[in-house]
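# Architecture and fold: a report
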Amino acid sequence: MSDEKRQYRMKRRAEQEAETRLRITESAVALHGTLGPARTSVSAVAEHAGVRRSTVYRHFPDETALFGACSAHWAAQNPPPDFTAWERIGDPDERLATALGELYAYYRRNEEMLDNLLRDAPVVPIVAELMGPMAFATELLLRGRGARGKARDRQRAAIGHALAFATWQDLTGAQGLDDAEATALMSRLVAAA
């Protein structure tokens, strides 16, 4: 066999491996979005992807590796708001309104997946790790408000409440507000705190 044919076959095999890995990753994303991570087994991912379990494990040695690939793939397709862009907004009330508007739009676009992730967070520890950036967002949105002591604690609590997916879900679901109304209400809550 010539070197040229061997290189072609090696290249084609690498392409097939990459396609299989992507199919497995996309299957995990689809199942996490419909069933949730706690209810998604490796067997279900393999079946959805049209491969054997051993193929899944060849590409992803454990569920953490699979979840990491799934999360990265999903986040690349559904990027969250850029928290660092909010830092450039000097007025704290404008910063909060901008942040809530962007975050609530993100929640709306990704409600089913986020609902499944948050539901499963207590039993799938890696999910809780993904929610870490909200603490950073709370502190960022607290900057420049000038409150101290208990007043600052109340503002921090109000901002944390306003950022919570469950708050948005209740306000725009059960309470019937649209995203703009929910943003305005939460902005007033923070100001009153």
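Preceding this section is the structure that the text describes.
Okay, so let's go over this structure.

The rules behind each value
- Residue indices follow the written sequence of each chain, beginning from 1 at its first position.
- Where local features are concerned, this predicted model is filtered to residues with pLDDT of at least 70; where side-chain atom pairs are given and counted, the filter is 80 or more; whole-chain, interface and lining totals use all residues.
- Side-chain measures here rest on the full set of heavy atoms in the structure, leaving out hydrogens and waters.
- Strands are runs of DSSP state E lasting at least two residues, helices are runs of H or I lasting at least four, and both sets are numbered from the N terminus onward.
- The reference for a compact globule is 2.2 Å times residues^0.38; the radius of gyration itself is calculated from the C-alpha atoms.
- In this text, buried Ala, Val, Leu, Ile, Met, Phe, Trp, Tyr and Cys residues form a nonpolar core when linked through side-chain atoms within 4.5 Å.
- Accessible area is worked out with a 1.4 Å probe on protein chains only. A residue is then buried under 20% of its type maximum, exposed over 50%, and partly exposed in between.
- Angles run from 0 to 180 degrees between N-to-C directions of axes, and those axes are lines fitted to C-alpha atoms, restricted for helices to the stretch in contact.
- In this scheme, roughly parallel covers angles under 35 degrees and roughly antiparallel covers those over 145, while 65 to 115 is roughly perpendicular and the rest are oblique.
- Should the near helix be turned counterclockwise from the far one by less than a right angle, the crossing is left-handed, whereas a clockwise turn marks it as right-handed.
- In this analysis, two residues are considered to be in contact whenever any of their non-hydrogen atoms come within 4.5 Å of each other.
- Throughout, the ten residues Ala, Val, Leu, Ile, Met, Phe, Trp, Tyr, Cys and Pro are labelled nonpolar, Asp, Glu, Lys and Arg are labelled charged, and all others, Gly among them, are labelled polar.
- Criterion for a salt bridge: a side-chain nitrogen of Lys or Arg within 4 Å of a carboxyl oxygen of Asp or Glu.
- Ring geometry is summarised as follows: Phe, Tyr and Trp rings, the Trp one being its six-membered ring, pair when their centres sit within 6.5 Å, and such pairs are stacked at plane angles under 30 degrees, edge-to-face over 60 and tilted between the two.
- Note that the arc is computed from the directions linking the helix axis to the C-beta atoms.

## Quick notes on the overall build of the protein
Broken down by element type, the protein carries twelve helices and zero strands. Starting at the N terminus and ending at the C terminus, the protein contains elements arranged as α-α-α-α-α-α-α-α-α-α-α-α. A compact globule built from 193 residues would reach a C-alpha radius of gyration of about 16 Å, whereas the protein, at 22 Å, exceeds it by more than 25%. Dimensions of the protein along its principal axes, counting C-alpha atoms only, are 75 × 35 × 30 Å.

## Description of the nonpolar core
Counting residues in hydrophobic clusters, the biggest one holds 45 residues, and the most contacted among them are Ile24, Tyr104 and Tyr107. Ranked by residue count, the leading element in this core is helix 6 (residues 92–109), at seven residues.

## Topic: the packing of helix 6 against helix 12 (residues 179–192)
Each pair of packed helices gets described by two things: the angle between the helix axes and the distance between those axes. Two elements in contact, helix 6 and helix 12, have axes whose closest approach is 9 Å; the angle formed by their N-to-C orientations is 140°. Taken together, the axis directions place helix 6 and helix 12 in an arrangement best described as oblique. Crossing geometry of helix 6 relative to helix 12 is assigned as right-handed. Contacts between helix 6 and helix 12 involve Leu96, Ala97, Leu100, Gly101, Tyr104, Ala105 and Arg108 on the former and, on the latter, Asp179, Ala182, Thr183, Met186, Ser187 and Val190. Across the contact of helix 6 with helix 12, the residue classes tally to eight nonpolar, three polar and two charged.

## A closer look at the pattern of salt bridges
According to the stated counting rule, one finds nine salt bridges in the structure shown. In this structure, the salt-bridge partner of Arg12 is Glu15, at a minimum N-O distance of 3.3 Å. Of this pair, Arg12 and Glu15 both sit in helix 1 (residues 3–34), separated by three residues, roughly a single helical turn. On the basis of relative accessibility, which here comes to 34%, the residue Glu15 falls in the partly exposed class. Salt bridges linked by common partners bring Arg12, Glu15 and Glu19 together as one network.

## Re the packing of aromatic side chains
Per the counting criterion, the structure on display carries eight aromatic pairs. Relative to Trp86, the ring of Phe83 lies with its centre 4.7 Å away and its plane at 25°, an arrangement referred to as stacked. Placement of both Phe83 and Trp86 in helix 5 (residues 83–86) is noted, with a separation of three residues, approximately one turn of the helix. Note on Trp86: relative accessible area 1%, which makes it buried. Three or more aromatic residues joined by ring pairs make a cluster, and in this case those are Trp74, Tyr104, Tyr106, Tyr107, Phe165 and Trp168.

## Topic: the side chain of Thr20
In this structure, Thr20 sits in helix 1. Thr20 gets classed as buried once you look at its relative accessible area, which sits at 14%. Those residues within four positions of Thr20 in sequence are excluded, and the remaining contacts are Val51, Thr55 and His59.

## What to know about helix 11 (residues 165–172)
One turn of the α-helix equals 3.6 residues, which is why residues spaced by three or four share an orientation. Buried within helix 11 we find Phe165, Thr167, Trp168, Leu171 and Thr172. For helix 11, the buried positions fall inside an angular range of 160° around the axis, keeping them on one side. The elements touched by buried residues of helix 11 are helix 6, helix 7 (111–120), helix 10 (149–163) and helix 12.

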